[in-house]
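Fold and geometry: a report
Listed below, chain by chain, are the residues.
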Amino acid sequence: MKDKHSVNGVIQFNTQTIYSGTRFQNVRLEFRNGKTIRATSSDTKRLNEILNTDDGARFIGEFSLGFNPYIQNPMCDILFDEKIAGSLHFTPGQAYEVCDNGNRSAVHWDMVLIQRPEWGGGEVWFDRELVRKDGLFIPKDLKPLNPANLK
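What comes next concerns the included structure. (Residues numbered from 1 in each chain as written. Predicted model: local features only at pLDDT ≥ 70, side-chain atom pairs only at ≥ 80, totals over all residues. Heavy atoms only, no water.)

**Examining the overall build of the protein**
- Along its length, the protein carries three helices and eleven strands.
- Against the 2.2 N^0.38 benchmark of 15 Å for 151 residues, the protein shows a C-alpha radius of gyration of 15 Å, consistent with a compact globule.
- Over its C-alpha atoms, taken along the principal directions, the protein stretches across nearly 40 × 30 × 25 Å.
- Relative to its full complement of 151 residues, the protein shows a buried share of 44%.
- Sequence separation of 24 or more characterises 50% of the internal contacts of the protein that already satisfy a separation of 6 or more.
- Across the protein, the mean location of the 19 positive side-chain charges is 4 Å away from that of the 19 negative side-chain charges. (Helix = DSSP H or I, 4+ residues; strand = E, 2+ residues; numbered from the N terminus. Rg over C-alpha atoms; globule rule 2.2 N^0.38 Å. Buried < 20%, exposed > 50% of the residue type's maximum accessible area, 1.4 Å probe, protein only. Contact = heavy atoms within 4.5 Å. Lys, Arg positive; Asp, Glu negative; His and termini not counted. Charge placed at Lys NZ, Arg CZ, Asp CG, Glu CD.)

Right, here's the structure in full:
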């Protein structure tokens, strides 16, 4: 994510997430010009305390698509969950310098949304092009990344 100000809209995560020993469910983030302007969850008070850690905590530092065909369900272990087939993750907070958008924060919190049909489906669009629908890549050059082609 090159421009930390480019995110607008709402995302609601359908997997649990743990941060600093607290488990969160149903995290919902609303963005305007890249900044989280409203955040709710099973522990809204604690969620907002974390997002208020510093200025960068309310901006996205990372975005990625998961497509590992052997990881199908969340384990509440982010090293696996962020790779779930048909998922994506948004990360409030610190951007990695290797793919930097300039965001700096003490927080780096990967949150996962699974978009396969049995999890409610969903779409990913890049520059007005539908890239993935219900967890499967649509463009011909990305179809090799679909789970059936990776097993």
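Still to come is the rest of the account.
**Some thoughts on the layout of surface pockets**
- Within this model, the largest pocket holds a volume of roughly 460 Å³.
- Around the largest pocket sit 18 residues that line it, and Val7, Asn8, Phe63, Phe90 and Trp125 are the ones nearest its centre.
- Breaking the lining of the largest pocket down by element, the ones donating at least two residues are strand 1 (9-12), strand 7 (87-92) and strand 9 (123-126).
- The residue makeup of the lining of the largest pocket, split by class, is twelve nonpolar, four polar and two charged.
- Estimates place the volume of the second largest pocket at around 160 Å³.
- For the lining of the second largest pocket, the elements supplying multiple residues, two or more each, are strand 2 (17-19) and helix 2 (78-81).
- It is strand 2 that contributes the most residues to the lining of the second largest pocket, three residues altogether.
- By residue class, the composition of the lining of the second largest pocket is six nonpolar, four polar and three charged. (1 Å grid on protein atoms, 1.4 Å probe; cavity = no way out; pocket = protein on both sides within 12 Å on 5 of 7 lines; lining within 4 Å. Points joined across faces, edges and corners; volume = space filled by probe spheres on them. Nonpolar A, V, L, I, M, F, W, Y, C, P; charged D, E, K, R; others polar.)

**Looking at the packing of aromatic side chains**
- Applying the stated criterion across every chain yields a total of six aromatic pairs.
- With centroids separated by 6.1 Å and ring planes inclined at 75 degrees, the aromatic side chains of Phe67 and Phe137 adopt a geometry described as edge-to-face. Of the two residues, Phe67 sits in the loop between strand 6 (60-66) and helix 2 while Phe137 sits in strand 11 (residues 136-137), which places them 70 residues apart along the sequence.
- Through pairs of rings, three or more aromatic residues link up here, namely Phe31, Phe63, Phe90 and Phe126. (Phe/Tyr/Trp six-rings, centres within 6.5 Å; stacked < 30°, edge-to-face > 60°.)

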